[in-house]
Amino acid sequence: MAAPRTRSCLQYLLHLANDNIDFRLPEVRALLSLSGKPFNPVENFHEKSPFWCLDGLSEEDIRGVMARSICAKSAFELWGHGRTHSELRTSLLKYPVENISPYMEKDSTYRINVETFNKTLEFQNRLERIDAMDYLPFEGTVSLKNPQHIFCLLEDYGTDPNNIPEQPFYIYFGRWIADGQRELIRSHSVKSRHFIGNTSMDAGLSFIMANHARVKENDLIFDPFVGTGSLLVACSHYGAYVFGTDIDYNTIHGKGRSSRKNQKWRGPDENIRANLRQYGTETSFIDVMVSDASKPVWREGALFDAIVTDPPYGIREATRRTGSHKETTKPPDDFCGESHVPVSMAYHLSDIFADLLNFSARHLIMGGRLVYWLPIYRPEYCEEMVPLHACLRLVSNCEQILSSHTSRRLITMEKIKEPEDSDALAHLSDPRFSLYQGHNAFREKYFSGLNKRSGKEDDEILKK
Ligand SMILES: C[S@@+](CC[C@H](N)C(=O)[O-])C[C@H]1O[C@@H](n2cnc3c(N)ncnc32)[C@H](O)[C@@H]1O
């Protein structure tokens, strides 16, 4: 007979949300690595499945993940599983009694939920499923409203909504441990945010970015293209101190035209600080300032625990940086400095990404992460197009499809060594990066495929 598993080597089941599918694995890995824990899936792991079984973790580890995860809906201590209800029964009856008994006691209260993936079950069918579990030694009293223990039967009907089988492909049963943080998507929605702009980042993705970046309490986080500060909002939610820069004076000072319907000008307190105040994290706000990302103002040396950002793509308006015309005006005779007239110049995407990676290599702490979005023209994309840097290890590369021919990729990199002179990021001048070279190169590509686009998904990229 197999030795009963101790409570420290139980298996846990994660029920993942069926959106942002590419982002789920890096999120869960990042959250586990925050407490030094490995991601150990059991055999037959399928990344695209909404159910993952994990080994080698404790309940505390799982609670840690669920306290932050946007991609995971719920987590369970896995008691049994199988391809049919009969296999599930056999598996459950083999589960060590000493693991089950603490949750079955006479004076306890409990409830059993039935959750289905890719199928809706009638109330009657759910009741039948619960009644059929009478082989488990429940001794407590059912309490639907406020039970001490919640159990869950989960049925997986596959991922094809046009081909839903009569019987589930797989069935799981377990003790509910915790839910993820999907409520943050609603509570922090940009629809109800105090200060927004045309390119404010969706709340769910902002939190996912902060998780990929492994933002934690007391970290110092920087967004060099801060806009309305959506990423600062997410990072400050996890207790980090946040700072941002943007080239646009109006955005930084909350002035100018409003992005809201029915409102012409921004109100007196529409700014990033007020956004953090709205969510109770104003004490984490360091400041924001007007600054050009192509000309960093920071003194040499590592400063930031993570850089989390959403650079401009130059779709709706050209990407700009500051420059200088040196010979257009004659300086006064008594002027002894170097004369120049500041002008706005094109900022090619290849330069934006080169500057961002070089800056991150210099100013991230060792092990610190850079998380940013890279726009992609899908017909021409290949992995080699993702900018690399000798000091930054590529951790993950997750696609969010925006239309038939465009997407953006969330790139996560981790600093692995201090930069040396020879570590210049050279390969952005490679022909593979022609998409990002030249003024408006990506923009032209983007609009050349517009007729083929699939519809409203393009709205978001259009704003940039
Ligand atoms: C995609 S938006 C960022 C949106 C932001 N994540 C938010 O939630 O509102 C890109 C921002 O980069 C800024 N930007 C463009 N060129 C810049 C530069 N050279 N230096 C700094 N910021 C720049 C734009 O003004 C814009 O606010």
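Residues numbered from 1 in each chain as written. Predicted model: local features only at pLDDT ≥ 70, side-chain atom pairs only at ≥ 80, totals over all residues. Heavy atoms only, no water.

Undergrad: Explain helix α8 (residues 230–237) to me, please; I cannot follow it from the model alone.
TA: Structurally, the α-helix is built with 3.6 residues per turn, so residues lying three or four positions apart point the same way. In terms of burial, α8 is a largely internal element, seven of the eight residues being buried. Taken as a whole, α8 has its buried residues at S230, L231, L232, V233, A234, C235 and S236. Residues of α8 that are buried in the fold lie against α7 (203–212), β8 (220–223), β9 (241–246), α10 (272–278), β10 (285–290) and β11 (304–309). Backbone geometry just after α8 places G239 at a positive phi near 85 degrees. (Buried < 20%, exposed > 50% of the residue type's maximum accessible area, 1.4 Å probe, protein only. Helix = DSSP H or I, 4+ residues; strand = E, 2+ residues; numbered from the N terminus. Contact = heavy atoms within 4.5 Å.)

Undergrad: How do you make sense of the nonpolar core when you look at a structure like this?
TA: Core analysis: the largest hydrophobic core is formed by 62 residues, its most contacted members being V215 and V308. When residues of this core are assigned to their parent elements, the largest contribution, eight residues, is made by strand β14 (residues 364–377). If you look at the next biggest cluster of nonpolar residues, it comprises 39 residues, including F39, M66, A72 and I100. (Core = buried A, V, L, I, M, F, W, Y, C linked by side-chain atoms within 4.5 Å.)

Undergrad: I would appreciate a short explanation of the packing of α7 against α8 in the present structure.
TA: Helix packing geometry: the angle between the two helix axes and the distance between the axes. The geometry of α7 relative to α8 is characterised by a closest axis approach of 8 Å and an angle of 55 degrees between their N-to-C directions. When the interaxial angle is binned, α7 and α8 end up oblique. Where α7 crosses over α8, the handedness of that crossing is right-handed. The segment α7 lies against α8, with S206, F207, M209 and A210 engaging S230, L231, A234, C235 and H237. Per-class residue counts for the contact of α7 with α8 are six nonpolar, three polar and no charged. (Axes fitted to C-alpha atoms, helices over the stretch in contact; angles between N-to-C directions. Parallel < 35°, antiparallel > 145°, perpendicular 65-115°, else oblique. Left-handed = near helix turned anticlockwise from the far one by under 90°. Nonpolar A, V, L, I, M, F, W, Y, C, P; charged D, E, K, R; others polar.)

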